[in-house]
Amino acid sequence: MNKNDQVVLTITGYNSEAQGVGRVEGMVVFVPFALKGEVVKVTIIKVTKSYAVGKVVEILEASKDRVAPRCEYYKKCGGCALQHASYAESLRVKKEIVQNALAKLGGIADANVQDVIGCSRPYEYRNKSAFPLVANGEKKLELAMYRVLSHDPIFINNCPITQKIMQIAANAFISYANEHNLAQKTQFRHILMRFVDKKLLVVVVAMKKVFLDGLFEHLCTATGLGKDSIGLFLCIKSQDNNVILEGKMVHVAGIESINSTCGGIRFAISPNSFYQVNDEIMQKIYGQAVEQFGSDEIVVDAYSGAGLMSAMLAKRVKKVVGIEIVKEATADANTVKRQNGLSNMENINGDVKTVLPKLGKELGEFSLIIDPPRKGADPEVLKTIGQALPRKIVYISCNPASLARDLRLLLGHGYTLSLVQPYDMFPETQHVETLAVLERK
Ligand SMILES: C[S@@+](CC[C@H](N)C(=O)[O-])C[C@H]1O[C@@H](n2cnc3c(N)ncnc32)[C@H](O)[C@@H]1O
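**Student:** Teacher, can you tell me more about the overall build of the chain here?
**Tutor:** Within the chain, the regular secondary structure consists of nine helices and 22 strands. Dimensions of the chain, computed from the C-alpha atoms along their principal axes, are close to 65 × 65 × 35 Å. Sequence-distant contacts in the chain: of pairs separated by 6 or more residues, those separated by 24 or more amount to 62%. Summed over all atoms, the accessible surface of the chain reaches about 19,700 Å², with 50% contributed by carbon and sulfur. Here the chain contributes 54 positive and 45 negative side-chain charges, whose respective centroids are spaced 2 Å apart.

**Student:** Help me out: how do you make sense of the site of the ligand in this one?
**Tutor:** Taken together, the neighbourhood of the ligand is formed by 15 residues, with Tyr286, Glu324, Asp351, Val352 and Asp371 sitting nearest. Between an oxygen atom of the ligand and a side-chain N or O atom of Gln276, the distance comes to 3.2 Å. Between the ligand and the protein, one listed contact pairs a nitrogen atom with a backbone N or O atom of Val352 at 3.0 Å. Alone, the ligand offers 600 Å² of accessible surface; in the complex the protein occludes 85% of this. Residue composition of the shell around the ligand, grouped by class: eight nonpolar, four polar and three charged.

**Student:** Mind showing me how you'd approach helix α9 (residues 400-412) here?
**Tutor:** Each turn of an α-helix holds 3.6 residues, which means side chains three or four residues apart point in the same direction. Here α9 spans 18 Å end to end across 13 residues, near enough to the 18 Å set by a 1.5 Å rise per residue. The elements touched by buried residues of α9 are α1 (87-104), α8 (379-388), β20 (392-397), β21 (415-423) and β22 (433-440). Between a side-chain oxygen at the N-terminus of α9 and the backbone nitrogen of Ala401 the separation is 3.0 Å; the capping residue is Asn399. Backbone geometry just after α9 places Gly414 at a positive phi near 95°.

**Student:** What's the story with the environment of Leu102 in this structure? I'm lost.
**Tutor:** Within the secondary structure, Leu102 is located in helix α1. Taking the C-alpha atoms as reference points, Leu102 and Val113, separated by eleven residues in sequence, lie 9.3 Å from one another. Discounting residues that sit within four places of it in the chain, Leu102 has contacts with Gly107, Ile108, Ala111, Val113, Ala404, Leu407 and Val420.

**Student:** What's the story with the side chain of Asn344 in this structure? I'm lost.
**Tutor:** By the element assignment, Asn344 lies in the loop between α6 (327-339) and β18 (345-349). Its relative accessible area of 19% is what places Asn344 among the buried residues. A polar atom in the side chain of Asn344 sits 3.2 Å from the backbone oxygen of Lys318. Ignoring any residue separated from it by four or fewer positions in sequence, one finds Asn344 in contact with Ala314, Val317, Lys318, Lys319 and Val320.

**Student:** Any chance you could explain the side chain of Thr330 here in plain terms?
**Tutor:** Position of Thr330 among the secondary structure elements: in helix α6. Within the structure, Thr330 has its side chain in polar contact with the backbone oxygen of Glu324 (distance 3.5 Å). Looking at Thr330, its side chain comes within polar contact range of the side chain of Asn349, at 3.0 Å. Excluding residues within four positions of it along the chain, Thr330 makes contact with Gly305, Glu324, Asn347, Ile348 and Asn349.

Conventions used here
- Residues numbered from 1 in each chain as written.
- Predicted model: local features only at pLDDT ≥ 70, side-chain atom pairs only at ≥ 80, totals over all residues.
- Heavy atoms only, no water.
- Helix = DSSP H or I, 4+ residues; strand = E, 2+ residues; numbered from the N terminus.
- Contact = heavy atoms within 4.5 Å.
- Areas by Shrake-Rupley, 256 points an atom, 1.4 Å probe, with all protein chains shown as cover.
- Lys, Arg positive; Asp, Glu negative; His and termini not counted.
- Charge placed at Lys NZ, Arg CZ, Asp CG, Glu CD.
- Near = heavy atom within 4 Å.
- Polar contact = N/O pair within 3.5 Å; in protein donor to acceptor, adjacent residues only side chain to side chain.
- Nonpolar A, V, L, I, M, F, W, Y, C, P; charged D, E, K, R; others polar.
- Expected span 1.5 Å × (residues − 1).
- Buried < 20%, exposed > 50% of the residue type's maximum accessible area, 1.4 Å probe, protein only.

Shape is all these values report; function is a separate question.
Right, here's the structure in full:
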């Protein structure tokens, strides 16, 4: 097979990026935006030793699950991968992604992976969005997204997976900025927004200080939100890099944080706080994680973030110890502890790799929640778990590949896998969140 060949193939499954997979003369071909059961004519755009990639030229037989994407920038912007699939099919795709990862990378071919728990709102669900701000040829500011795997901006005026009010706020900022010719006064980088519990935080990120007089009122009018429901910030960057929020955060007007509750826990979200992007699914996962533990247990919440799940656990179990590396997140967790009067919640700031071995020895018998970043748990953490042997482990993962590799090791320490429950935290994208439960034999 060679680049630029045209071939016809039937899609028989999906790869880890939610792309269709078929075979031609024994060679695996990945076909983005193709669905299982479809017969497609593709142009081969890449050939490697083990696989090829094809771009659809014509769909010869379409799946009954093919739907029209809602986003006009779909396929150009790299954010979504499943808008061409019915929602039911996109959940099946994600189940297959988890099953394949467990079988191929974890050697767990017999895992009983549950159907993916879906979101009641597969569009307009994101409670946080950050759009690059780019000046066009006429020095007018535009909202942008980056073209797939590149830094080429595509100018946009909506993002259908973002909650509507943030799309309105972003466009209101653009009209304000252009009316005041702000693109000529500073370089803007991003607009970041969070919308939780009918309250909106807007952060304009720029390379130097710029006056935003009247913007707050303009945002209130455009969104229909009252002055006590919006907070406006200017983040002045100290370095010209890709980190969105860094430098000096100046509160311009309105509220400084959003006070919310989840699972009976009161907490505050500020522009920098870690908070899951899909509140509905977050509540379901946290709920299922917490209910795995009994009232007499000591639970270590490793990679605990801002402590929301630790706090929910503290209401149920004897004692919870959270471990988190980011100082600000541990400070947020301590605020949650104080605000909710949780004397049985302890928050340790440090690396799980160094804290867990000592803590495990001190605690003796304990159970564990582990919710690591995409790369999975540190090998030393898995080794410590193998020595401390917590009674039960709840592993929450946003990356099926690292989950599979880590589960393989944990199962080797004498655990059985009693539950694998994927959740659709990021509808329309290829990403899937999974909760797995391991019990000591
Ligand atoms: C996927 S988030 C989970 C946060 C939290 N469980 C939640 O649901 O909000 C992973 C967290 O692990 C933290 N983290 C990353 N590496 C770490 C390490 N080596 N030790 C401790 N925490 C770490 C990150 O700062 C982040 O807050």
